[in-house]
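# Structural features, examined
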Amino acid sequence: MLRRLLIPILAALTACSGAPSERERTLQLFDQIAYLLTKYNAALASQEGMPLDAATSDLRRVATEEFDRLIAALEGEDAALRADAAFAIGFSRKSEAVAPLTKACASPDIILRRNAGAALGMLGHDAAAPAIGKLLEDPEPDVREAALFGLRALVDETRDHGLLPAVHARLADRAVGVRNEALILLRDMKRAASAEPILNRSVKDVEPLVRANAALALGAIGPAVAKAATPHLIEMLRDEESKVVESAWKALTLLNQKDFDRSYATWRDWYEDEIRNHWSCTEHRDVSAPEPGDCPHCRRKLERVLRETGRKSEPAPAYFACPDHPEVTTSTASNCGKPGCGKPLVAAKPPPVSFVCPDHPEVVTLGPSTCARPGCGKSLVPRK
């Protein structure tokens, strides 16, 4: 979430007799805007819809009614008023504001650049995109973060103004706030092309909040990225941070349309079965589907088959283990041979073929993947 957008609250006005001067009217306006922005930022942080809509509506009304006064302040000599005016103008939605805000984006004043970048996007006019794109490379992290915030109103699933690669680049930003804001933006854009950079970097980020938002962004992109994202998200269920686990579970549920619990073992076992089997036609082996259906060529019912052999899936071979000594296993019903035990063996699921990280043996998956531990990313190897 973009922070530090709150403009400074001006000092209390000195009471005076008679009609207020032009300067006093301006100060009164900015005092009102500061109050409304306090409410706006509180609602933005809490993501409460109704308070946010109400604060936005009030700010939009004031910015529209006092547009000329705000533009005058933006082009005036008072540095504090210029910065405050820049952000407030964004609520006006007026196309006439694009030019003065674009000019403000080139200011040496960091706060002015930051507020102008956020406001440009809030205007909702495509002409603002080039200036915001330049701010994504600004040396100041607050400015880069504000530019990403501003882009929320300018990009979606079909429009990116050619800025998608620049947003992907911010996933490697040195500032946590910038990386986080980039993921929030990518979650709104829902582009399949974003899956690779998120999987290569963000799911392994050292910051839990970034990892959590990476999972949510993958879930928002949709089933098109399920095959690539699922093994990584399953590993994230073992994260030490509960918010990361929660986000990974939400993403897995969205991508795979499965209503499993948050258990790593549950998802791991399901995924093992998924990667070994699929639905195919006995006559047209090129047909592959994750669910039952009809062959598109001959309309025969698809059958569940092993991917490697193309043969029908058979029940797993019998496997029995001692309830007290799981290392004692047989392929037929028998009794435990451990001295002093002798308990009847019970049916059990055979251990899956698994893959492990050479540096982090606790990272185990049921298919080829890469280590999801922050800072690693090594290819997993079959566990012996």
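All values derive from a computational prediction rather than experimental measurement. (Residues numbered from 1 in each chain as written. Predicted model: local features only at pLDDT ≥ 70, side-chain atom pairs only at ≥ 80, totals over all residues. Heavy atoms only, no water.)

### Things to note about the pattern of salt bridges
As a reminder of what qualifies: One speaks of a salt bridge when a side-chain nitrogen belonging to Lys or Arg is within 4 Å of a carboxyl oxygen belonging to Asp or Glu. Helical segments are the DSSP runs of H or I of at least four residues, strand segments are the runs of E of at least two, and each set is numbered from the N terminus.
Within the structure shown, the criterion is met by 21 salt bridges. Residue Glu66 is joined to Arg69 by a salt bridge in which the shortest nitrogen-to-oxygen separation is 3.2 Å. Where Lys343 meets Asp324, a salt bridge forms, and the shortest distance between an N and an O atom there is 2.6 Å. With Lys343 in the loop between β4 (329–330) and β5 (346–347) and Asp324 in the loop between β3 (320–321) and β4, this pair connects stretches of sequence that are 19 residues apart. Within the structure, one salt-bridge network assembled from shared partners comprises Glu137, Arg144, Arg170 and Asp173.

### Focus: empty space enclosed by the protein
Going by this rule: We place a 1 Å grid over just the protein atoms. Points where a 1.4 Å probe fits but has no way out form a cavity, open points with protein on both sides within 12 Å along at least 5 of 7 lines form a pocket, and any residue with an atom within 4 Å of a point lines it. Grid points are joined across faces, edges and corners, and a volume is the space filled by probe spheres set on the points.
Per the counting criterion, the structure on display carries two cavities of 30 Å³ or more. Empty space within the largest cavity amounts to approximately 40 Å³. Along the walls of the largest cavity sit Val203, Arg211, Glu235, Met236, Asp239, Ala372 and Arg373, which together make up its complete lining.

### Considerations on the environment of Leu163
The criterion, for reference: Throughout, exposure labels follow a simple rule: accessible area from a 1.4 Å probe, protein chains only, divided by the maximum for the residue type, with under 20% read as buried, over 50% as exposed, and the rest as partly exposed. Any two residues whose heavy atoms approach within 4.5 Å at even a single point are treated as in contact.
By secondary structure assignment, the location of Leu163 is in the loop between α8 (141–151) and α9 (164–169). A relative accessible area of 12% means that Leu163 is categorised as buried. Distance from Leu163 to Gly133, taken between C-alpha atoms, is 6.6 Å for residues 30 residues apart in sequence. Every residue in contact with Leu163, bar those within four places of it in the chain, is listed here: Ala129, Gly133 and Leu151.

### Regarding the packing of α8 against helix α10 (residues 176–189)
For the record, the criterion: Convention adopted: a line fitted to C-alpha atoms gives each axis, helices being fitted over their contacting stretch, and angles between N-to-C directions are expressed from 0 to 180 degrees. Oblique is the label for every angle not falling under 35 degrees (roughly parallel), over 145 degrees (roughly antiparallel), or within 65 to 115 degrees (roughly perpendicular). Ten residues, namely Ala, Val, Leu, Ile, Met, Phe, Trp, Tyr, Cys and Pro, are considered nonpolar, four, namely Asp, Glu, Lys and Arg, are considered charged, and the remaining ones, Gly among them, are considered polar.
One can describe the packing of α8 onto α10 by two numbers: an axis separation of 9 Å at closest approach and a directional angle of 10°. Between α8 and α10, the crossing angle belongs to the class labelled roughly parallel. Residues Pro141, Arg144, Glu145, Leu148, Phe149 and Leu151 of α8 pack against Gly177, Val178, Glu181, Ala182 and Leu185 of α10. Residues of the contact of α8 with α10, tallied by class, amount to seven nonpolar, one polar and three charged.

### What about the nonpolar core?
The nonpolar side chains of a soluble globular protein tend to be buried, and buried together. Applied cut-off: Joining through side-chain atoms within 4.5 Å is the link that ties buried Ala, Val, Leu, Ile, Met, Phe, Trp, Tyr and Cys residues into a set, and such a set is a nonpolar core.
Core analysis: the biggest nonpolar cluster contains 94 residues, and Tyr40, Leu70, Leu101, Leu120, Leu151, Ile198 and Leu233 have the highest contact counts within it. The element that contributes the greatest number of residues to this core is helix α1 (residues 22–46), accounting for eight residues. For Leu151, the residues in contact, after removing those within four places along its chain, are Ile132, Leu136, Leu163, Val167 and Leu185. One finds Cys281, Val287, Cys295 and Leu302 within the second-largest nonpolar core, a separate group that totals six residues.

### Section: the environment of Phe260
In this structure, Phe260 sits in the loop between α14 (242–256) and α15 (264–276). Classification of Phe260 as partly exposed rests on a relative accessible area of 23%. In the structure, Phe260 is positioned eleven residues away from Trp249 in sequence and 8.6 Å away in space, judged by C-alpha atoms. Ignoring sequence-local partners within four residues, the contact set of Phe260 consists of Trp249, Thr266, Trp267 and Trp270.

### A few points about the confidence of the model for the protein
We count it as follows: The pLDDT value expresses, per residue, how confident the predictor is, ranging between 0 and 100.
For the protein, mean pLDDT is 84; residues scoring 70 or higher make up 86% of the total. When mean pLDDT is taken per element in the protein, helix α12 (residues 208–221) scores highest with 97 and strand β7 (residues 364–365) scores lowest with 70. Predicted confidence for residues 1–17 stays below pLDDT 50, and this span has 46 contacts to residues more than four positions away or in other chains.

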